[in-house]
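Topology and contacts: notes
Given next are the chains, with one letter for each unit.
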Amino acid sequence: MENLEAVTVRHGLARATDAGGAMLLGHAVLMVQKLLSHFDLDAVLGEIVATAQTLFGAELAALWLYAPERRELTCTIPRQPHPVTIASGVGLVGECAKAPQVVNVADVTADARFAPAIDGAAQIARGSMLNLPLVDADGVLVGVLQLLDEDGLPFDAHAVATGQLLAALAAVALQAVKLHIRRLEYQRLQQEVELARSIQISTLPSVMPQVPGYEMYGHFQPADQAGGDLYDLVLLGGKLFVLLGDATGHGFGPALSATQMQAMLRTAFRCGADLDTACVQVNNQLCEDLPDNRFITAFLGLLDPSTHRVRFHSGGQGPILHWQAATNAAAWHAPTTFPFGAIPIDAPPPARELELAPGDLLAVISDGVYEYTDAHGALFGNARVADVFARYHALPLPVLTAKLLRAAAEFAHGAPQVDDVTLVLVRRLP
């Protein structure tokens, strides 16, 4: 009860300590306890109004909730098919919310501020009216409670003081209920986030394909709960399909786009499509499905283990790193065409080929590594990636990946990861 007592003192309600005030305080505390027992917002609102009518013997009570972002009041109780919404300052209820302050009127017909089509939910045309602002423990207006007496009996100072006490306790109860609802919504959102993340992770290869004479590794590290990157390594018809995609942005939307692309490509290849046909059809389908400001940069390659040649399309994904063991140096390959989903095409762009000699590495790395940024805006860049490969290219691929990511993190000096990081490494064994 410490918070309730603090609210009571702050609103100057300590003077309501006579027998009547104590009785009302007891009723109000019981009301708050009852409200907090079920955390149902509609039930809480109804209970506040019912309690007010009972305590004050009023013919009618109306409850308005305040939306601070719009500076509007909406009549919530009595419930109506089309609830009335007004701007702050309109009618007696709006005058109460504007200050916010108590507005006590002995005869509404004699007060120019009275709006018959609004005040009292348009259900009273005469009598006295007490308008009480509901201000929560943080000093924020949450609504207005209107008490209406058609017999014209004025609300005296004692009624105003006890009404303020009731309003303060009701505001605290409303705040607690809203916080509880937000907590439940957050928990539900977190559950959905975890489900989406688990679905996305399940689309990645759980084990690496076994290709004689080759070692391969994939790594995915999203910047958010779900990322817009994807990768795939799978044997299709005796060839190794290598995919790395990066949908614009990161989060759930890009994650869905990336997963959609991966599914379409796997389906296309399993239905007998070649690399060029898959490139055209998937690109054109993404053009239809994605919003105009969305696209996916992607590397699509097929490695023939018998010839050690990789034939690939790179739609906006680059640079592609071919680490050549014989010279211990990098050969860089630029993108071959536009990102997927950017513009429809009728024919595939010219594919490129590279040959992996013994010890060579094909490294397809998302821009989350190349563009890893320090606090001053400097980029990690191609040269630093090449330096890591020059020193550690002979290590097992998981270790090489860890070395590269550690180098990027150390370069950033604590700056946060702002983009998804994904790598696909394929090495022809010496």
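Residues numbered from 1 in each chain as written. Predicted model: local features only at pLDDT ≥ 70, side-chain atom pairs only at ≥ 80, totals over all residues. Heavy atoms only, no water.

1. Remarks on the overall build of the protein chain
- For the protein chain, the count of helices and strands is ten helices and 16 strands.
- Counting all 430 residues of the protein chain, 48% fall into the buried class.
- Across the protein chain, the fraction of contacts at a sequence separation of at least 24, relative to all contacts at a separation of at least 6, is 66%.
- Taken as a whole, the protein chain presents about 19800 Å² of accessible surface, with 55% of it coming from carbon and sulfur. (Helix = DSSP H or I, 4+ residues; strand = E, 2+ residues; numbered from the N terminus. Buried < 20%, exposed > 50% of the residue type's maximum accessible area, 1.4 Å probe, protein only. Contact = heavy atoms within 4.5 Å. Areas by Shrake-Rupley, 256 points an atom, 1.4 Å probe, with all protein chains shown as cover.)

2. Observations concerning the pattern of salt bridges
- Applying the stated rule across the entire model yields nine salt bridges.
- With a shortest N-O distance of 3.1 Å, E355 and R309 are connected by a salt bridge. With a gap of 46 residues between them, E355 in strand β14 (residues 352-355) and R309 in strand β11 (residues 309-315) connect regions that are remote in the sequence.
- Salt bridges here are not isolated pairs; linked through shared partners, they connect E69, R70 and E72. (Salt bridge = Lys/Arg side-chain N within 4 Å of Asp/Glu carboxyl O.)

3. What about the sheet that holds strand β10 (residues 296-304)?
- Strand order in the open sheet formed by five strands is β8-β9-β10-β11-β14, and the pairing between neighbours is antiparallel. Both edges of this open sheet fall to β8 (229-236) and β14, since each of them pairs with a single strand only. Averaged over all pairs of adjacent strands, the angle between strand axes in this sheet comes to 20°, irrespective of strand direction.
- Bridge analysis of β11 against β14 gives four bridges, and the strand direction is antiparallel. The residue of β14 that forms the bridge with R311 is E353.
- Seen against the sheet, helix α7 (residues 275-289) touches β10 and β11 and runs at an angle of roughly 20° to β11. (Pairing = 2+ DSSP bridges. Axes fitted to C-alpha atoms, helices over the stretch in contact; angles between N-to-C directions.)

4. Brief notes about the pairing of strand β1 (residues 60-67)
- Burial analysis of β1 places eight of its eight residues in the buried class, the great majority of the element.
- The side-chain alternation of β1 yields two buried faces, one formed by L60, A62, W64 and Y66 and the other by A61, L63, L65 and A67.
- Here six bridges tie β1 to strand β6 (residues 141-149), and the two strands are oriented antiparallel to one another. Bridge pairing in β6 links A61 to L147.
- Examined bridge by bridge, β1 and strand β2 (residues 72-77) share five bridges and lie antiparallel to one another. Pairing of W64 across the sheet is with C75, part of β2.
- Between the end of β1 and the start of β2, which pair antiparallel, lie four residues, with R71 showing a positive phi angle near 55°.

5. Comments concerning the sheet that holds strand β5 (residues 128-135)
- Taken in spatial order, the six strands line up as β3-β2-β1-β6-β5-β4 in an open sheet, and their pairing is antiparallel. At either end of the open sheet lies a strand with only one pairing partner, and these are β3 (85-87) and β4 (103-105). Taking the axes of each pair of neighbouring strands and ignoring which way they run, one obtains an average angle of 20° across the sheet.
- Taken together, the eight bridges between β5 and β6 define a ladder with antiparallel strand orientation. If you follow M129 over to β6, its bridge partner there is L148.
- The strands that helix α4 (residues 91-98) touches are β1, β2, β3, β4, β5 and β6; relative to β5, the one it contacts most, it runs at about 35°.

6. A short note on the packing of helix α9 (residues 381-392) against helix α10 (residues 397-412)
- Two numbers describe how α9 lies on α10: the axes approach to 10 Å, and their chain directions differ by 140°. The pairing of α9 with α10 is recorded here as oblique in orientation. Every pair of crossing elements has a handedness; the one defined by α9 and α10 is right-handed. Facing α9, whose interface residues are R384, V385, V388, F389 and Y392, α10 presents L400, K403, L404, A407 and F411.
- Along the lines of polarity and charge, the residues of the contact of α9 with α10 split into eight nonpolar, no polar and two charged. (Parallel < 35°, antiparallel > 145°, perpendicular 65-115°, else oblique. Left-handed = near helix turned anticlockwise from the far one by under 90°. Nonpolar A, V, L, I, M, F, W, Y, C, P; charged D, E, K, R; others polar.)

7. Considerations on unusual backbone geometry
- Here I77 and P78 are connected by a cis peptide whose omega angle stands at 0°.
- Of note, P78 is situated in the loop between β2 and β3.
- Here the bond from A99 into P100 is cis, since omega is -20°, no more than 30 degrees from zero.
- Along the chain, the position of P100 falls in the loop between α4 and β4.
- The phi dihedral of A122 falls on the positive side, at around 60°, and the residue is not glycine.
- For A122, the location among the structural elements is in the loop between β4 and β5.
- Note on A122: relative accessible area 43%, which makes it partly exposed.

8. A look at the side chain of H322
- Along the polypeptide, H322 turns up in strand β12 (residues 320-324).
- Residues in contact with H322, not counting those within four places in the same chain, are A329, A330, A331, H333, L354, E355, L356, D360 and L361.

9. Brief notes about α10
- For α10, spanning 16 residues, the distance from its first C-alpha to its last is 23 Å, which sits close to the expected 22 Å at 1.5 Å a residue.
- Among all positions in α10, only L397, L400, T401, L404, L405, A407, A408, F411 and A412 are buried. Buried residues of α10 fall within an arc of 155° about the axis and therefore sit on the same side.
- Buried positions along α10 lie against β7 (214-221), β15 (361-365), α8 (367-370), α9 and β16 (421-428).
- Phi turns positive one or two residues past the end of α10, at H413, with a value near 55°. (Expected span 1.5 Å × (residues − 1). Arc of directions from axis to C-beta.)

10. Concerning the side chain of D119
- With respect to the secondary-structure elements, D119 resides in the loop between β4 and β5.
- D119 has contacts with G91, L92, V93, R113, F114, I124, M129 and Q146, leaving out every residue within four places of it along the chain.

11. So, the environment of P154
- Looking at the element boundaries, P154 is found in the loop between β6 and α5 (157-202).
- Judged by relative accessible area, which is 57%, P154 ranks as exposed.
- Considering only alpha carbons, one finds P154 and S128, 26 residues apart in sequence, at a separation of 5.7 Å.

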